[in-house]
Amino acid sequence: MKKTFLLTVAVLISVTMFSAGKTKYVIAVERFSYTDRCSEAFMEQVRNNVIGGISEFPYIQIIDVNNASALSAEDARRSSEAAMDDETARIGEMKQLGAEYILIGSITSYTCVFQPSKDDPNKGNWKTTMVLALKLVDTADGTTQVINYPYDGSRHFGDVRYGLSEEKERSISSLFAYVKKDMKVFVTDKLKQEGTLLDSDYTMDKKKKKV
């Protein structure tokens with residue numbers, strides 16, 4: 001007898017039998033939009049860490065619209081605008097490339113300010129904050145999942161997930177590690193796959209609750 005249940009992508013890494021022969025999710029990552037308070041270079045670093053975090057899952061294939069040979073240079077340049085202004089057309093275009101999902105990112109908030117020490121105004125720390133919004137679009141039916149990732153200390157009491165350093169550049173770059181780490185949560189939360197295991201391939205615990 002077969003037992004079917006939902007497995008997250010993370011769990012599927014250790015599963016040798018994948019239902020219906022499916023081996024990968026294919027996700028097209030658009031260019032990210034960003035507030036004029038940060039630079040394009042900063043946006044690219046954030047985007048690279050989003051891609052890097054997602055790419056750590058072997059069952060996900062990334063189509064980077066910045067590098068996709070199937071897109072013209074003009075298409076790549078206008079990718080984020082097209083996704084927002086003509087989403088239906090963009091979904092069709094990405095679907096033709098084999099993408100099952102489109103990931104659209106936006107840096108909606110950014111600050112980098114110097115906080116002087118009370119004892120010495122010439123000393124202190126740089127504090128960098130941002131809010132990253134991710135939108136995952138299913139190319140099959142156009143449904144979307146949206147999540148915001150605030151890196152400004154607002155998630156919960158005692159949250160210190162923001163950049164803080166005596167050096168400005170280190171304060172800024174420290175945000176990237178948080179982004180990459182959060183992509184593991186993003187994948188396991190937003191991308192689930194139905195898998196099938198045969199009776200002969202697994203055993204249950206005594207309470208019949210765990211594989």
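Criteria and thresholds
Residues numbered from 1 in each chain as written. Predicted model: local features only at pLDDT ≥ 70, side-chain atom pairs only at ≥ 80, totals over all residues. Heavy atoms only, no water. Helix = DSSP H or I, 4+ residues; strand = E, 2+ residues; numbered from the N terminus. Buried < 20%, exposed > 50% of the residue type's maximum accessible area, 1.4 Å probe, protein only. Contact = heavy atoms within 4.5 Å. Areas by Shrake-Rupley, 256 points an atom, 1.4 Å probe, with all protein chains shown as cover. Salt bridge = Lys/Arg side-chain N within 4 Å of Asp/Glu carboxyl O. Core = buried A, V, L, I, M, F, W, Y, C linked by side-chain atoms within 4.5 Å. Arc of directions from axis to C-beta. Polar contact = N/O pair within 3.5 Å; in protein donor to acceptor, adjacent residues only side chain to side chain. Phe/Tyr/Trp six-rings, centres within 6.5 Å; stacked < 30°, edge-to-face > 60°. Lys NZ or Arg CZ within 6 Å of the ring centre and 35° of its normal. Expected span 1.5 Å × (residues − 1).

Okay, the overall build of the protein next. Looking only at helices and strands, the protein has 6 helices and 9 strands in total. For the protein, with 211 residues in total, the buried portion stands at 41%. Taking all contacts inside the protein whose residues are at least 6 apart in sequence as the whole, residues at least 24 apart take part in 66%. In the form shown here, the protein has an accessible surface area of approximately 12000 Å², with 50% of it arising from carbon and sulfur atoms.

Enumeration over the complete set of coordinates arrives at 10 salt bridges. In this structure, the salt-bridge partner of Arg-31 is Glu-40, at a minimum N-O distance of 3.0 Å. For Arg-31, a relative accessible area of 16% translates into the label buried. Its salt-bridge partner being Asp-182, residue Arg-161 comes within 2.6 Å of it at the nearest N-O pair. Remark: Asp-182 occurs in helix H6 (residues 168-190) and Arg-161 occurs in the loop between strand E7 (144-151) and strand E8 (163-165); sequence separation between them is 21 residues. Asp-182 carries the same exposure label as Arg-161, and that label is buried.

The next thing to look at is the nonpolar core. Membership of the largest hydrophobic core comes to 32 residues, with the highest contact counts inside it found for Phe-42, Leu-103, Ile-107, Met-130, Leu-132 and Phe-186. Among the secondary structure elements, those contributing two or more residues to this core are strand E2 (25-29), helix H2 (40-55), strand E5 (101-116), strand E6 (124-138), E7 and H6. Residue contributions to this core peak at 7 residues, all from H6.

Before going further, it helps to examine helix H5 (residues 87-96). Given 3.6 residues per turn, any residue in an α-helix points the same way as the ones three and four places further on. By the burial criterion, the buried members of H5 are Arg-90, Ile-91 and Met-94. The buried residues of H5 occupy an angular sector of 105° when projected down its axis, which confines them to one face. The exposed set on the far side of H5, more than 90 degrees from its buried face, consists of Thr-88 and Gln-96. One or two residues past the end of H5 sits Gly-98, with phi positive at roughly 95°.

Looking at the secondary structure, you find Thr-139 in the loop between E6 and E7. Among the polar contacts listed, one links the side chain of Thr-139 to the backbone oxygen of Ala-99, at a separation of 2.8 Å. Ignoring sequence-local partners within four residues, the contact set of Thr-139 consists of Ile-91, Lys-95, Ala-99, Glu-100, Tyr-101 and Ile-102.

This brings us to the packing of aromatic side chains. Tallied over the full model, the rule gives 5 aromatic pairs. Ring geometry for Phe-42 versus Phe-176: centroids 5.6 Å apart, planes at 45°, classification tilted. You can see Phe-42 sitting in helix H2 and its partner Phe-176 sitting in helix H6, a full 134 residues away along the chain. Exposure class is identical for Phe-42 and Phe-176. Each is buried. Three or more aromatic residues joined by ring pairs form one cluster here, namely Phe-42, Tyr-110 and Phe-176. For the cation-ring pair, Lys-127 lies above Tyr-162, with the distance from its terminal atom to the ring centre recorded as 4.4 Å. The aromatic ring of Tyr-151 is capped on one face by Arg-155, whose charged end is 5.0 Å from the ring centroid.

Between its first and last C-alpha, H6 extends 34 Å over 23 residues, near the 33 Å set by a 1.5 Å rise per residue. Within the span of H6, buried status applies to Ser-171, Ile-172, Leu-175, Phe-176, Val-179, Asp-182, Met-183, Phe-186 and Val-187.

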